[in-house]
Amino acid sequence: MRIPATVAAVSGALALSALAVPAAQADGSTPSYRAEVANVLHAHGKTAFTGNAPADLDVSFSNFKIASAIVVGTTNRVSTTVTYTLTHGADIDINSDDFDNGPIIYKGSLDAPDNVLGGDLPATCTATSSTTASCKGLIDIDPADELFNSDAGTWSGAGLAVTYSNDDTTVQGGLATTKLQRYSRLTVNASPEPVKKGKTITVTGLLSRANWDTGKYAGYTVQPVGLQFRTKSASTYTSTLKTVKSDSAGNLKTTTTATVDGYFRYNFAGTSTTPAVKATGDYVDVN
């Protein structure tokens, strides 16, 4: 479910409820791992995200590795792999049905996150000693149910562990950072085609990105975009002819002079909230 930032920030437990009902479990079937974790925390009024609170479980997380950026569109679920080392007390059986652990990411502070995302399933761990294990888990993201535009930007990584029988939990934050970005699109059209040498070519396009609030794509406004050209025989774009700013609807438009046969494209360098994207080149035959 989507939880507005103003509500989610009330407590870490509320933010964690974003994990509770993934789409695959909304039909009343057996609860998922993340639903179980959320239920444990809520049943005992615990706020998992309290950085200065003592941990219930003798576990810690290290060597947390996650992609530098996660790009999410408007409809498709996106999963990204996280690996880490789990260190635990000798009394913890990582293969027990009573114990689970997995990665999560959170936006904002650990004590009062704006949003929290995790996996549908716990991590899988392979023991490397009697008290350490190498673990791999997923962050599963459903943009339709879990994201707002305000969620784009930098997130932090955390590890979560739980034992179901006694409801003990541990969350360790600040393990890594990643960027959650709104999927971008870029088009180009150069005309007229063909064109006489020395005549004017008009190059239009549209820079758009995922709008998580509406579930649609919308123009990315007032952004610098480079117009590039390569000749018919070249394999790479070696020159940027000019920089154009998208208008209030994300549209691009500029002109250039026809010289030789070749391809025009727009190239957007990206921002912290939106990834770089290049349009597919549009060929113009110059007579």
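Overview of the structure. (Residues numbered from 1 in each chain as written. Predicted model: local features only at pLDDT ≥ 70, side-chain atom pairs only at ≥ 80, totals over all residues. Heavy atoms only, no water.)

Examining the packing of aromatic side chains
Reasoning step 1: Counting across every chain of the model gives six aromatic pairs.
Reasoning step 2: With a centroid separation of 6.0 Å and an interplanar angle of 15 degrees, the aromatic rings of F64 and Y84 are classed as stacked. With a gap of 20 residues between them, F64 in strand β1 (residues 59-65) and Y84 in strand β3 (residues 78-88) connect regions that are remote in the sequence.
Reasoning step 3: Judged by its relative accessible area of 7%, F64 is buried.
Reasoning step 4: Taken together, the ring pairs in this structure connect F61, F64 and Y84 into an aromatic cluster.
Reasoning step 5: Cation over ring: R230 sits above Y263, and NZ or CZ is 4.1 Å from the ring centre.
Reasoning step 6: Positioned above the aromatic ring of Y237, the side-chain terminus of R265 is 3.9 Å from the ring centre. (Phe/Tyr/Trp six-rings, centres within 6.5 Å; stacked < 30°, edge-to-face > 60°. Helix = DSSP H or I, 4+ residues; strand = E, 2+ residues; numbered from the N terminus. Buried < 20%, exposed > 50% of the residue type's maximum accessible area, 1.4 Å probe, protein only. Lys NZ or Arg CZ within 6 Å of the ring centre and 35° of its normal.)

Overview of the state of the cysteines
Here a disulfide denotes a covalent bond joining the sulfur atom of one cysteine to the sulfur atom of another.
Reasoning step 1: All told, the structure shown has one disulfide when counted by the stated rule.
Reasoning step 2: Each disulfide pairs two cysteine sulfurs, and for C125 the partner residue is C135, the sulfurs being separated by 2.1 Å. Handedness here is read from the sign of the S-S torsion; for C125 and C135, about 110 degrees, the answer is right-handed. Of the two residues, C125 is situated in strand β6 (residues 124-127) and C135 in strand β7 (residues 132-141); the sequence distance between them amounts to 10 residues. The same class applies to C125 and to C135, which are both buried. (Disulfide = S-S within 2.5 Å.)

Comments concerning the sheet that holds strand β8 (residues 153-163)
Reasoning step 1: What the five strands build is an open sheet, ordered β2-β9-β8-β4-β5; its pairing is mixed. The open sheet has two edge strands with one neighbour each: β2 (69-72) and β5 (113-118). Between one strand axis and the next, the sheet turns by 40 degrees as a mean value, whatever way the strands run.
Reasoning step 2: Strand direction decides the pairing type here: β2 and strand β9 (residues 168-182), joined by four bridges, are parallel. Its bridge partner being in β9, A69 is matched across the sheet by K179. (Pairing = 2+ DSSP bridges. Axes fitted to C-alpha atoms, helices over the stretch in contact; angles between N-to-C directions.)

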